[in-house]
Amino acid sequence: MRRTSGTRLASLVVAMVLFGAACTGGGAEEVAGPDATAGGTPTSTPTDDHDIPLNEGTPVFPEGAVVLRVAIPEPATLDPMRVGDPGSVLIVRQLFQGLTRWDPSTQEVVPAAAESWSEENDGRRWVFTLRRGMTFHDGKAVTANDFKFAFDRIALRRNASDIAYTLERVKGFLDVNQLGDVKQLKGVKVIDDYTLQIDLDEPFYDLPAVMTHPGLVPVPKKAVENIDRFLAFPVGNGPFQMATPWASGTEVDLEPFDGALETPAIDGLRFIPFSDASESWLLFRDDAIDISEVPIGQFEAAAEEFGDEGYQPFLAGYYYGFNLDAASLRNKRLRKAVNLAIDRDRIAEEIYGGSMAPPRGIVPEGMPGFEDDICTELCNFDPDEAERLVRKLSKKERSITLDFTRGEPHGEVAAEIKSDLEEVGFEVKAKGYRFEPYLKRLRNGDHRFFRFGWIAEFPVPDVFLSSLFEGQSPDNQTAFQNQKIDALLRRAHAEKSPEKRLELYLKAERRILAEVPVVPIGSFVIHWVAQPEVDGLEFDVMGGFDAVGITLTE
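So, here's what we can say about the structure. (Residues numbered from 1 in each chain as written. Predicted model: local features only at pLDDT ≥ 70, side-chain atom pairs only at ≥ 80, totals over all residues. Heavy atoms only, no water.)

1. Concerning the packing of aromatic side chains
Given two aromatic rings, one states the distance between the centres and the angle between the planes to describe the pair. Defined as follows: Paired rings are identified among Phe, Tyr and Trp, the last through its six-membered ring, by centres lying within 6.5 Å, and are further divided according to the angle between planes into stacked (under 30 degrees), edge-to-face (over 60) and tilted (the rest). Numbering goes from the N terminus for both helices and strands, where a helix is a DSSP run of H or I of at least four residues and a strand is a run of E of at least two. Here the term buried applies to any residue with accessible area under 20% of the maximum for its type, exposed to any over 50%, and partly exposed to those in between, with areas from a 1.4 Å probe on protein chains only. Only Lys NZ and Arg CZ are tested; either one counts as a charge over a ring when it is within 6 Å of the ring centre and within 35 degrees of the ring normal.
The final tally for this structure, using the stated rule, is 18 aromatic pairs. Here the aromatic rings of Trp-126 and Tyr-205 are separated by 5.8 Å at their centres, their planes lie at 80 degrees, and the arrangement is edge-to-face. Here Trp-126 is found in strand E5 (residues 125–130), whereas its partner Tyr-205 is found in the loop between strand E7 (195–199) and helix H5 (207–210), with 79 residues between them in sequence. Between the aromatic rings of Trp-528 and Phe-539, the centroid separation amounts to 5.7 Å while the plane-to-plane angle is 15 degrees, which identifies the pairing as stacked. In this pair, Trp-528 sits in strand E17 (residues 518–530) while Phe-539 sits in the loop between strand E18 (534–535) and strand E19 (551–552), placing the two residues eleven residues apart along the sequence. For the pair shown, Trp-528 and Phe-539 are each scored as buried. Looking at Arg-169, its charged tip hangs above the ring of Phe-204, at a distance of 3.9 Å from the centre. Directly above the aromatic system of Phe-233 lies the positively charged group of Arg-229, at a separation of 4.7 Å from the ring centroid.

Here it is as structure tokens:
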């Protein structure tokens, strides 16, 4: 029996734009309080009165202003509880500040809106002390109530937030997110204006890392009372604030916010949406853009000219899984033969053109402490051994149905895998599905050998291990069940020492791979470049950067 908590089923197959499918939000609804919902992009600019001026009809930035121009994929939303696509995440990171943040230099969780935190009751209770003097962009003080309001809003069932899973260990989550009979999380308590207490159902020492998620940020209740306005002009507490309202398809202009923890050195930040990196690259080469992604085919040349500091592992994995509820896939010899038959290097190089790297295991390269390749035995291309294993299978076992989502590059990957499997003696039927029917197949358990992707929205290996393979996880689409591994993961959650916790996660990953419920295909690499005038820019494994420390020199 799996636990019935908020699931990221869509993320299981979307895995953001890198996997070839766009994330979209639902419709907007004007509701007050934690019930307030928000969908994707606003299609028009609200004109009602508000505390913050719109600056309509005036230049966004004064003449001579130092403005950083960043090319991004079209953002789907600026509502923190909806963020998932790369463009939205990057913008929201500049507008809001959560309790903690990830420092890419030290690879540690460091204070942000919370100046400190402590744990009690063996990791079941966490107390965050907020910084005094922090305000929202409208001048209102940021208090513990604003975090509680935001967390309740995310967890509420009717809001159907894709990031609700981040709070599933909080006491009372089931009542709010699944049963829907209460509207506030029992485990989130306001002790006073600057003290927030979070009680969990089980020990979990990675909670401060979870709180680095870009959507787990304070939201002022008054601002979301007019949800249309909030979609176009979100009010945050980050180092940048909205300079003008935003509508779908337009640039997003941000200006420094003097009341933030750190004051930006630049005068403005302009995010310019493009359909793909090849479009923005042309403008980058003409010095019309300061930061851009590099299109496939330009990786080597761009690195030589602009440096490779922005070439970073991205914590996203591409996989095929075996639905172990299907009797035809329960033979471990079959699953191992499938793994050995696939030429992952060819997929990475010929289909993804260098934006994919072969897998190191289940957890992608770039996760702190997970550098060693532990998938050598299983992931190496060995068609001779695969063919030998296939010959030991019955004729019925050699027949495999491969399920994937339509569109490229997924169709190309599926065709390559089909060809590789047929070369070693499998009979393969490949079936492509549109996105929604594919999700329905996963929900109904009709899938067999199936494609999926997964992203870590905070740097914790448990995002991959427990989410995808723990017996009670709603996102465990392989139906993998192993009580010893479940116990090992629980030990990791309850381990206070980061070093020992890491060892337990690594042990769990090795044991999962030994049972072969999955075929790791590869993980991803981001390729950003910046003009020579851009200083203080540091990309991270979450796929983005914080602009507050950036300067532009002559």
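2. With respect to the pattern of salt bridges
Formally: Any Lys or Arg side-chain nitrogen located within 4 Å of an Asp or Glu carboxyl oxygen qualifies as a salt bridge.
A full pass over the atoms with the stated rule returns 26 salt bridges. For Glu-422, the salt bridge is made with Lys-418, and the minimal N-O distance between the two is 2.6 Å. Of this pair, Glu-422 and Lys-418 both sit in helix H14 (residues 410–423), four residues apart, which is roughly one turn of the helix. For Glu-422, a relative accessible area of 37% corresponds to the partly exposed category. Taking the relative accessible area as the measure of exposure, Lys-418 reaches 24% and is therefore partly exposed. If you follow the salt bridges from partner to partner, you end up with Glu-120, Arg-125, Lys-189 and Asp-199 in one network.

3. What to know about helix H13 (residues 383–391)
Applicable threshold: This arc is built from the directions going out from the helix axis to the C-beta atoms. In what follows, a contact means two residues having at least one pair of non-hydrogen atoms within 4.5 Å.
Looking at H13, one finds that the buried residues are Ala-386, Leu-389 and Val-390. Taken down its axis, H13 places every buried residue within 100 degrees of arc, on the same side. Along H13, the residues that are exposed and aim more than 90 degrees away from the buried face are Asp-384 and Arg-391. Buried positions along H13 lie against helix H10 (332–341).

4. Digging into the nonpolar core
Here is the rule: In this description, a nonpolar core means a group of buried Ala, Val, Leu, Ile, Met, Phe, Trp, Tyr and Cys residues linked to one another through side-chain atoms lying within 4.5 Å.
With 150 residues, the main nonpolar core has Phe-151, Tyr-320 and Phe-426 as its most contacted residues. With near-sequence residues (within four places) excluded, Phe-426 lies in contact with Leu-334, Ala-337, Val-338, Val-390, Leu-393, Glu-397, Arg-398, Ile-400 and Leu-421. Grouped together as the second largest cluster of nonpolar side chains are twelve residues, Ala-71, Trp-281, Ala-302 and Val-529 included.

5. Thoughts on the sheet that holds E5
Pairing between the strands of a sheet comes from backbone hydrogen bonds, and it takes one of two forms, parallel or antiparallel. The line we're drawing: Criterion used throughout: strands pair if DSSP finds at least two bridges between them. Here, axes are lines fitted to C-alpha atoms. For helices the fit covers the stretch in contact, and angles between N-to-C directions go from 0 to 180 degrees.
Read across the sheet, four strands follow the order E4-E5-E7-E6 without closing on themselves; strand pairing throughout is antiparallel. Each edge of the open sheet is held by one strand with a lone partner, namely strand E4 (114–120) and strand E6 (188–192). Recorded for the sheet is a direction-independent mean angle of 20 degrees between the axes of neighbouring strands. Here E6 runs beside E7; their pairing, made up of four bridges, is antiparallel.

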